[in-house]
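Structural characterization, general
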Amino acid sequence: MEYILQTNNLSKVYGTKTVLNDVSIHVPKGSIYGLVRKNGAGKTTLMRIICGLTQQSAGNYTLLGKSNDDSARNRMGMLIEKPGIYEHMTATENLRYFSLLFGIPSPDYDKILKMVGLQNAGKKKARTFSLGMKQRLGIAIALLGNPDFLILDEPINGLDPEGVYEMRKMLEELNQKHGITILIASHILSELYKLATNYAIIDGGRLIDEFSKETLEDACSSSVQISVEPASMQDAKTLIASRYPDVRCEVLSNHSLRLHEKMNLADLNQYLVENKVRVCGLGANDEDMEKFFVEKLSRGKLYDKFNSWTYLSIEKGSLLLRMPWDRANFPGCLHSNFPVGLYV
């Protein structure tokens, strides 16, 4: 897969505070990549590093095939935090001013305004624009250099429902019709779900997870998970395919299956047992998208709580960890690590 952006263990430290901690993301070419985050999660710092507005403390990145090369940003547009437009100017005058400022020769202003849905607002003063129109003008400015990659920070924040819908359609058209890869940060999960093709969750300056839309849909779709004895696995697959021919059956392991459709668990269990399949477990998954993201963030917090512990093994429901002990507080401890067992 070709990536338009890859970061490798990017970190940023301000004084004694680490705001970005070993973040590695992969933005596929042609994708709409959604950064899911909370306030203070570190995503703006990540965007500012990629845009060249601040330097990383550690790590590196590859942008448009070039490693830490400022020239790659000539093919990138950005809108970080809020559009820096001049409200006493018209939309066209703003574009003309910024094209001169950036040294971009003779762009087609009318074409760019049409791309963002402002074709009828070129001669209007920006002070008369709604919030959504100002956001669109900011994106138009980011499009002046005909970029291959667009970085947007909260472009739908504060918009009314109609403005959110129009912004989403505009971004989809920029991606699908004009082939622009988009990195977009937002905390509005429902809109990111409708728009993005890939996702990363960032919290506390760390990357919690990175996944595709297909993975998200699989995790949040109604499904049934079945556990059987390994010796019964092939019989279970055959029986399920016979009775539910239109249901997608995913093999998870040598003893478990997932059926991607909601069904009556009692009937399914009875059907398998009557056909000599030894069922060990049966459960339904109706996880919604918000629950999925909240649980991902919760796991990240659990990691923060135990990030000084070293994982050793999991056996028969027991998680064995090593926890560093402070020898000043435990002078009798001869070893730097002490094993601790937890039941999970």
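All of the points below concern the structure found in this document.

Cut-offs and rules
Residues numbered from 1 in each chain as written. Predicted model: local features only at pLDDT ≥ 70, side-chain atom pairs only at ≥ 80, totals over all residues. Heavy atoms only, no water. Axes fitted to C-alpha atoms, helices over the stretch in contact; angles between N-to-C directions. Helix = DSSP H or I, 4+ residues; strand = E, 2+ residues; numbered from the N terminus. Parallel < 35°, antiparallel > 145°, perpendicular 65-115°, else oblique. Left-handed = near helix turned anticlockwise from the far one by under 90°. Contact = heavy atoms within 4.5 Å. Phe/Tyr/Trp six-rings, centres within 6.5 Å; stacked < 30°, edge-to-face > 60°. Buried < 20%, exposed > 50% of the residue type's maximum accessible area, 1.4 Å probe, protein only. 1 Å grid on protein atoms, 1.4 Å probe; cavity = no way out; pocket = protein on both sides within 12 Å on 5 of 7 lines; lining within 4 Å. Points joined across faces, edges and corners; volume = space filled by probe spheres on them. Nonpolar A, V, L, I, M, F, W, Y, C, P; charged D, E, K, R; others polar. Polar contact = N/O pair within 3.5 Å; in protein donor to acceptor, adjacent residues only side chain to side chain.

What follows concerns the packing of helix α2 (residues 91-102) against helix α4 (residues 131-142). In a packed pair of helices, the relevant descriptors are the angle between the two axes and the axis-to-axis distance. With their axes 10 Å apart at the nearest point, α2 and α4 run at an angle of 30 degrees to one another. If you check the angle between α2 and α4, you find them roughly parallel. Here α2 and α4 pass one another in a crossing that is right-handed. Facing α2, whose interface residues are Ala91, Asn94, Leu95, Phe98 and Phe102, α4 presents Leu137, Ala140 and Ile141.

Before going further, it helps to spend a moment on the packing of aromatic side chains. For the coordinates displayed, the defined rule picks out five aromatic pairs. Aromatic pair Tyr86 and Tyr97: ring centres 5.1 Å apart, planes at 75 degrees, arrangement edge-to-face. Linking Tyr86 in the loop between β7 (76-79) and α2 with Tyr97 in helix α2, this pair joins segments that are 11 residues apart in sequence. Tyr86 gets classed as partly exposed once you look at its relative accessible area, which sits at 35%. A relative accessible area of 31% means that Tyr97 is categorised as partly exposed. Ring centres of Tyr199 and Phe211 lie 5.7 Å apart, and the angle between their planes is 25 degrees; on these two criteria the pair is classed as stacked. Taken as a pair, Tyr199 in strand β10 (residues 198-203) and Phe211 in strand β11 (residues 206-212) lie far apart in primary sequence, 12 residues in all. Given a relative accessible area of 7%, Phe211 falls into the buried group.

If you walk through the whole model with that rule in mind, you get one cavity of 30 Å³ or more. Empty space within the largest cavity amounts to approximately 50 Å³. Together, Ile156, Met167, Arg168, Leu171, Ile184, Glu191, Leu192 and Leu195 line the largest cavity. Residue assignment for the lining of the largest cavity shows that the elements contributing at least two residues are α5 (161-176) and α6 (189-195). Tallied by class, residues from the lining of the largest cavity come to six nonpolar, no polar and two charged.

Residue position: Asp153 is located in strand β8 (residues 149-153). Here the side chain of Asp153 touches Thr44 through a polar contact of 3.4 Å, side chain to side chain. What Asp153 contacts, discounting residues up to four positions off in sequence, is Lys43, Thr44, Met47, Leu79, Ile80, Glu81 and Ala185.

Here the focus is unusual backbone geometry. Although it is not a glycine, Asn146 sits at a positive phi angle of roughly 55 degrees. Looking at the element boundaries, Asn146 is found in the loop between α4 and β8. Given the relative accessible area of 66%, Asn146 is considered exposed. Within the chain, Lys276 stands out as a residue other than glycine whose phi angle is a positive 70 degrees. Classification of Lys276 by relative accessible area gives exposed; the value is 70%.

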